[in-house]
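These are the residues of each chain, in order.
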Amino acid sequence: MKYLSEFRDPELAGQYLNEIKSIVRKPWTIMEVCGGQTHSLVKNGLLIMLPDEIRMVHGPGCPVCVTPLNLIDKAIFLAEERNLILCSFGDMLRVPGSKKSLLQSKAKGADVRIMYSPLDAVKLAKENPDKEVVFFAVGFETTAPANALSVIQAEQQGVNNYSILTSHVLVPPAMEAVLNDEQNVIQAFLAAGHVCTIMGISEYYPIVEKYKVPIVVTGFEPLDLLQGILMAVRQLENGEYKLENQYSRVVKAEGNAAAIKLLRKVFEVEDREWRGIGTIPASGFELQKNYRRYDANLKFDIQIEKAIESKECMAGQVLKGLMRPHECPQFGKKCTPSSPLGAPMVSSEGACAAYYHFSQALETTPA
Amino acid sequence: MTQQKISMQLQCPMPAFDFDVITLGHGSGGLLTRKLLESGVFEIFNNPFLNEKHDGAYLNLPGNCAFTTDSFVVSPIFFPGGNIGELAVNGTVNDLAMCGAIPKYLSLSFILEEGLRMEEFWEILVSIKTACQKAGVHIVTGDTKVVEKGKGDKIFINTSGIGQLHPASSIRLNRIKAGDKIILNGNIATHGIAIMSVREGLTFESDIISDTMALNETVMALLDEFGQQIHFLRDPTRGGVATTLSEIARDGGVGIEIVEKYLPIDEQVAGACEILGLDPVYVANEGVFISIVDEKIADKYLTTLKGLEQGKNAAIIGEVVIAHPKQVVLTSKIGGKRVVNMLAGDQLPRIC
């Protein structure tokens with residue numbers, strides 16, 4: 001517990017804020033890549049404490065937000081039409097597909113279960129040998145090792161009624177996609193600490209060099225974020241661009257070797273569609289040839305119509321940092337957390353849902 | 001825990017039923033229902049009101065009363081620190097206490113699922129009896145229905161309750177005014193996390209036990225001493241402190257400010273919330289109540305409350321303000337501010 005309070009110390013936070021204020025000269029736009037960081041910035045009320053010069057843009061690192069409509073429809077189809085047990089992380093349940101969400105499917109009788117770990121889904125499959133169990137394997141490099149391990153466990157234990165519906169996405173290609181956008185406004189990144197815990201930091205050097213952009217690998221506690229912002233601002237003000245690791249108490253330069261080995265064994269890199277952004281080359285994981293029998297996409301005959309994204313939802317613009325959530329005409333009107341038009345309004349890590357709270361605070365709380 | 005269980009069973013040993021599970025016939029209203037009731041159920045709740053054995057209870061309640069109802073569907077039905085039976089009594093007793101009423105009489109309705117084991121049912125009955133004794137209330141009328149296997153979740157309970165208003169109480173939303181202090185009697189999020197710790201697929205080792213308890217004695221002691229200076233009371237059960245305060249702000253048209261660092265919470269519970277990705281202000285409570293009191297008596301109120309068993313961890317967590325009507329604003333530990341809203345649905349665990 002001490003661990004938590006130490007990184008939420010108001011005095012130290014004040015010192016970091018003062019230091020940021022004392023060095024900042026020009027306006028800067030910084031993207032925090034991970035939805036967990038967005039959540040922490042909002043939950044701790046940090047955004048309104050930062051000086052006006054610093055604009056934080058909330059990046060595409062919210063796995064729920066970037067999972068394509070088509071895959072959610074697939075998950076719903078499997079749960080409803082193939083009489084199987086569909087397991088998912090809790091966050092995915094409320095995300096609207098083209099017609100409904102998994103939560104609505106569950107209410108209509110589909111067997112949809114919330115899991116904290118895919119390994120529990122393997123256990124469930126073992127306990128229910130006459131039922132197929134599918135795990136909706138969503139997430140970035142952080143959740144991928146556990147999903148890979150579930151496939152390995154299923155293989156070792158001869159659990160043949162287990163498969164995964166993969167929607168794994170990778171952070172570095174998404175950052176490049178943001179930087180390649182003609183309208184890009186991002187001048188520095190806070191890279192996602194937990195992703196780097198798994199993958200290490202080497203993938204980011206080429207991005208720093210190619211785009212001449214500062215990247216600071218950053219944690220999730222308030223002091224982590226403030227320190228990360230300070231490090232980014234310092235680089236920007238000095239006209240530097242380099243890779244720095246704020247989160248060194250957790251992130252090792254080489255990452256987690258065992259996890260990386262597991263990922264290489266089970267997955268291969270593929271082009272992947274990102275909801276609201278489009279297809280990004282080499283930006284996702286798909287099961288390797290040897291493990292294709294655990295791919296729910298191939299195992300089941302999935303018949304769904306090609307879904308078309310609602311034109312009213314501006315999630316793509318928001319995820320690329322080109323529009324702030326409250327600048328969307330539907331924000332807080334047709335689109336709210338209880339009736340979301342798009343995924344970023346659903347997850348607590350989604351920028352729109354976060355702003356839904358935050359903008360109300362701005363209107364009413366004197367700065 | 002184990003000791004408590006043994007002593008209860010000694011006090012009320014399970015009668016020798018000639019059936020070991022509940023069957024559909026036990027809800028038929030016919031012979032089997034009668035057999036079930038007469039084999040011990042009536043006896044365990046024995047009181048003159050119930051002994052009339054009529055379709056309803058005859059009550060004599062002079063003066064102003066409060067009336068409430070609540071249904072209980074908790075899963076699992078046995079959890080660390082309690083079971084659905086005592087929860088059903090305490091929940092309704094507490095709702096009456098929050099109205100400023102002295103809880104008196106409860107109705108008790110069961111919807112049982114075919115196949116419920118009699119040992120489990122008996123244990124629940126015994127804990128209902130014990131909870132009633134602790135709270136000083138009587139079960140005066142009741143009902144039992146049985147649904148087919150698969151149509152229920154072992155047991156659902158509904159209780160309704162009537163209480164007489166405490167003569168000095170005047171608890172109304174429209175009495176809340178700017179300057180009032182907001183006080184919690186104890187640690188938040190304990191019940192919700194105790195339940196989560198034994199949910200299927202999520203068992204984790206902890207000593208966290210539910211805080212389910214009847215709060216009426218504590219509330220009445222406070223009403224005796226502070227009477228009309230207590231402007232509002234509410235127990236933040238489902239949806240936690242955040243949802244309840246949001247409701248109060250919206251329905252009462254007042255602004256509320258709370259300070260995160262003043263929220264009392266057990267370290268283990270706070271740790272579990274972090275691991276599970278849950279915000280403790282949205283997690284359910286059972287033995288917690290929010291008091292909104294006149295600022296002039298706030299310190300004295302806190303001192304009195306801290307002197308009571310159920311108020312050891314009491315704290316002033318915030319106040320009612322003129323700014324931002326209908327909204328709750330929380331000052332985070334780090335000193336930032338954010339709006340505390342109602343959740344769109346259940347709090348769902350985050351992916352990473």
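Keep in mind the model is a prediction, meaning the values are calculated, not measured.

Undergrad: Explanation requested: the packing of helix 4 (residues 84-98) of chain B against helix 5 (residues 118-135) of chain B in the structure shown.
TA: Helix-helix packing: each pair is described by the crossing angle between the helix axes and the interaxial distance. Residue and element names in this part refer to chain B. At a minimum axis separation of 7 Å, helix 4 and helix 5 run at an interaxial angle of 30°. Relative to helix 5, the element helix 4 is oriented roughly parallel. Of the two possible hands of crossing, helix 4 and helix 5 adopt the one that is right-handed. Note on element contacts: helix 5 touches helix 4 through Ile124, Ser127, Ile128, Ala131, Cys132 and Ala135, opposite Ile84, Gly85, Glu86, Val89, Asn90 and Val93. For the contact of helix 4 with helix 5, the residue count by class is eight nonpolar, three polar and one charged.

Undergrad: Please explain the interface of chain A and chain B as it appears in this structure.
TA: A common way to state how big an interface is: give the accessible area lost once the parts meet. Taken together, the contacts link 42 residues of chain A with 30 residues of chain B. Put simply, Glu274(B) and Arg8(A) hold a salt bridge, and the shortest N to O gap is 2.9 Å. Remark: the boundary between chain A and chain B carries four residue pairs in polar contact (both at pLDDT 80 or more). Breaking the side of chain A that touches chain B down by element, the ones donating at least two residues are helix 2 (10-23), helix 3 (35-43), helix 4 (63-66), strand 4 (112-114), helix 12 (222-237) and helix 16 (351-364) of chain A. Per element, the largest residue contribution to the side of chain A that touches chain B is five residues, and it comes from helix 16 of chain A.

Undergrad: Would you take a moment to explain the domain arrangement of chain A for this structure?
TA: All names here are of chain A. Taken as a whole, chain A is organised into domain 1 (2-64 + 171-245) and domain 2 (66-170 + 255-299). A straight line from the C-alpha centre of domain 1 to that of domain 2 covers 30 Å. Facing 17 residues of domain 1, the contacting portion of domain 2 comprises 24 residues. In this assembly, domain 1 packs against domain 2 so that about 1,500 Å² is buried in total across both faces, 73% of it on carbon and sulfur atoms. The largest contributions to the domain 1 side of the interface with domain 2 come from Pro63, Val64 and Ile198, which together make up 42% of the buried area. Seen at the junction of domain 1 and domain 2, the total is seven residue pairs in polar contact (both at pLDDT 80 or more). Considering only residue class, the side of domain 1 that touches domain 2 consists of 13 nonpolar, four polar and no charged.

Undergrad: Any chance you could explain the sheet that holds strand 1 (residues 65-72) of chain B here in plain terms?
TA: Residues and elements named next belong to chain B. Taken together, four strands build an open sheet; the order of strands is 1-6-4-5 and the sheet is mixed. What marks the edges here is a single partner per strand, and that holds for strand 1 and strand 5 (138-147). Strand-to-strand twist in this sheet, taken as the mean axis angle between neighbours without regard to direction, amounts to 15°. As judged from the nine bridges shared by strand 4 (residues 101-113) and strand 5, these two strands associate in the parallel manner. Bridging from a neighbouring strand, Tyr105 pairs with His138 of strand 5.

Undergrad: What's the story with the nonpolar core in this structure? I'm lost.
TA: A general trend in soluble globular proteins is that nonpolar side chains are found buried together. Among the nonpolar cores identified, the biggest contains 92 residues, and Tyr162(A), Phe189(A), Tyr204(A) and Ile215(A) are the most heavily contacted of them. The greatest single-element share of this core, amounting to seven residues, is contributed by helix 5 (residues 69-81) of chain A. Judged by nonpolar contacts, the second largest core, of 56 residues, contains Ile188(B), Leu215(B), Val254(B) and Val328(B).

Undergrad: Sorry if this is basic, but what is going on with the domain arrangement of chain B here?
TA: All names here are of chain B. If you check the domain split of chain B, you get domain 1 (2-165) and domain 2 (173-340). With 19 residues of domain 1 at the contact, the number on the domain 2 side is 22 residues. Between domain 1 and domain 2 lies a buried interface of about 1,600 Å² when both sides are counted; carbon and sulfur atoms form 63% of it. Its largest share of buried area at the contact with domain 2, domain 1 owes to Pro80, Asn94 and Met98, together 36% of the area lost on that side. Summed over the shared surface of domain 1 and domain 2, the result is zero salt bridges. Counting across the domain 1 and domain 2 interface gives six residue pairs in polar contact (both at pLDDT 80 or more). Among the secondary structure elements, those contributing two or more residues to the side of domain 1 that touches domain 2 are helix 4 and strand 4. The leading source of residues in the side of domain 1 that touches domain 2 is helix 4, at eight residues. Here the side of domain 1 that touches domain 2 is built from residues that sort into twelve nonpolar, five polar and two charged.

Undergrad: Is there a simple way to think about the packing of aromatic side chains in this case?
TA: Two aromatic rings are characterised by how far apart their centres lie and by the angle between their planes. Summed over all chains, the structure comprises eight aromatic pairs over all chains. A centroid spacing of 6.3 Å and a plane angle of 65° characterise the contact between Phe331(A) and Tyr356(A), whose relative ring orientation is edge-to-face. Of the two residues, Phe331(A) is situated in the loop between helix 15 (315-319) and helix 16 and Tyr356(A) in helix 16; the sequence distance between them amounts to 25 residues. Accessibility assignment for this pair places Phe331(A) and Tyr356(A) in one class, buried. When the ring of Phe110(B) is compared with that of Phe121(B), the centres are 5.1 Å apart and the planes differ by 80°; the resulting orientation is edge-to-face. Taken together, the positions of Phe110(B) in strand 4 and Phe121(B) in helix 5 put the pair eleven residues apart, joining distant regions of the chain. Residue classification places Phe121(B) among the buried residues on the basis of a relative accessible area of 1%.

Undergrad: Just checking my understanding: could you explain the pattern of salt bridges for this structure?
TA: Charged atoms that come close allow side chains of opposite charge to pair. Residue and element names in this part refer to chain A. Enumeration over the complete set of coordinates arrives at 29 salt bridges over all chains. Linking Lys210 and Glu176 is a salt bridge whose minimum nitrogen-to-oxygen distance equals 3.6 Å. Residue Lys210 is found in helix 11 (residues 205-211), and its partner Glu176 is found in helix 9 (residues 171-180); the two are separated by 34 residues along the sequence. Between Arg249 and Asp224 there is a salt bridge, with its nearest N and O atoms 2.7 Å apart. Here Asp224 lies in helix 12 and Arg249 lies in the loop between strand 9 (243-245) and helix 13 (257-266), a separation of 25 residues in the sequence.

Analysis parameters
One numbering rule holds for all chains: residues counted from 1, following each sequence as written. Note on labels: chains are lettered from A, ligands numbered from 1, in written order. A pLDDT threshold of at least 70 governs which residues receive local features in this predicted model, and a stricter bar of 80 or more applies before side-chain atom pairs are shown or counted, although totals over entire chains, interfaces and linings include all residues. For side-chain calculations, the full set of non-hydrogen atoms in the structure is used, while hydrogens and water are omitted. Structural elements are reduced to axes, namely lines fitted to C-alpha atoms, with helices fitted over the stretch in contact, and the angle between N-to-C directions of any two is expressed from 0 to 180 degrees. Comment: elements are numbered from the N terminus, with helices defined as DSSP H or I runs of at least four residues and strands as E runs of at least two. Orientation labels follow simple angle bins: below 35 degrees gives roughly parallel, above 145 gives roughly antiparallel, 65 to 115 gives roughly perpendicular, and whatever is left gives oblique. For any helix crossing, the convention is left-handed if the near helix is rotated counterclockwise from the far helix by under a right angle, and right-handed if that rotation is clockwise. Residue contacts follow a heavy-atom distance rule, with two residues in contact if any of their heavy atoms lie within 4.5 Å. When residue character is reported, Ala, Val, Leu, Ile, Met, Phe, Trp, Tyr, Cys and Pro are called nonpolar, Asp, Glu, Lys and Arg charged, and the others, Gly included, polar. The salt bridge definition used is simple: a Lys or Arg side-chain nitrogen within 4 Å of an Asp or Glu carboxyl oxygen. Pairs of N or O atoms are called polar contacts if they sit within 3.5 Å, as long as, within protein, a hydrogen donor faces a hydrogen acceptor (for residues adjacent in sequence, only side-chain-to-side-chain pairs). Where each domain begins and ends follows an automated or database-derived domain assignment. The term buried area denotes the loss of accessible surface (1.4 Å probe radius) that occurs when two parts are joined, taken as the sum for both partners. Any two strands with at least two DSSP bridges between them are considered paired. Nonpolar cores were defined as sets of buried Ala, Val, Leu, Ile, Met, Phe, Trp, Tyr and Cys residues, with membership established by side-chain atoms within 4.5 Å. The classification of residues rests on relative accessible area computed with a 1.4 Å probe and restricted to protein chains. Under 20% of the type maximum is buried, over 50% is exposed, and intermediate values are partly exposed. Pairing of aromatic side chains requires ring centres within 6.5 Å, counting the rings of Phe and Tyr and the six-membered ring of Trp. Pairs whose planes differ by under 30 degrees are stacked, by over 60 edge-to-face, and all others tilted.

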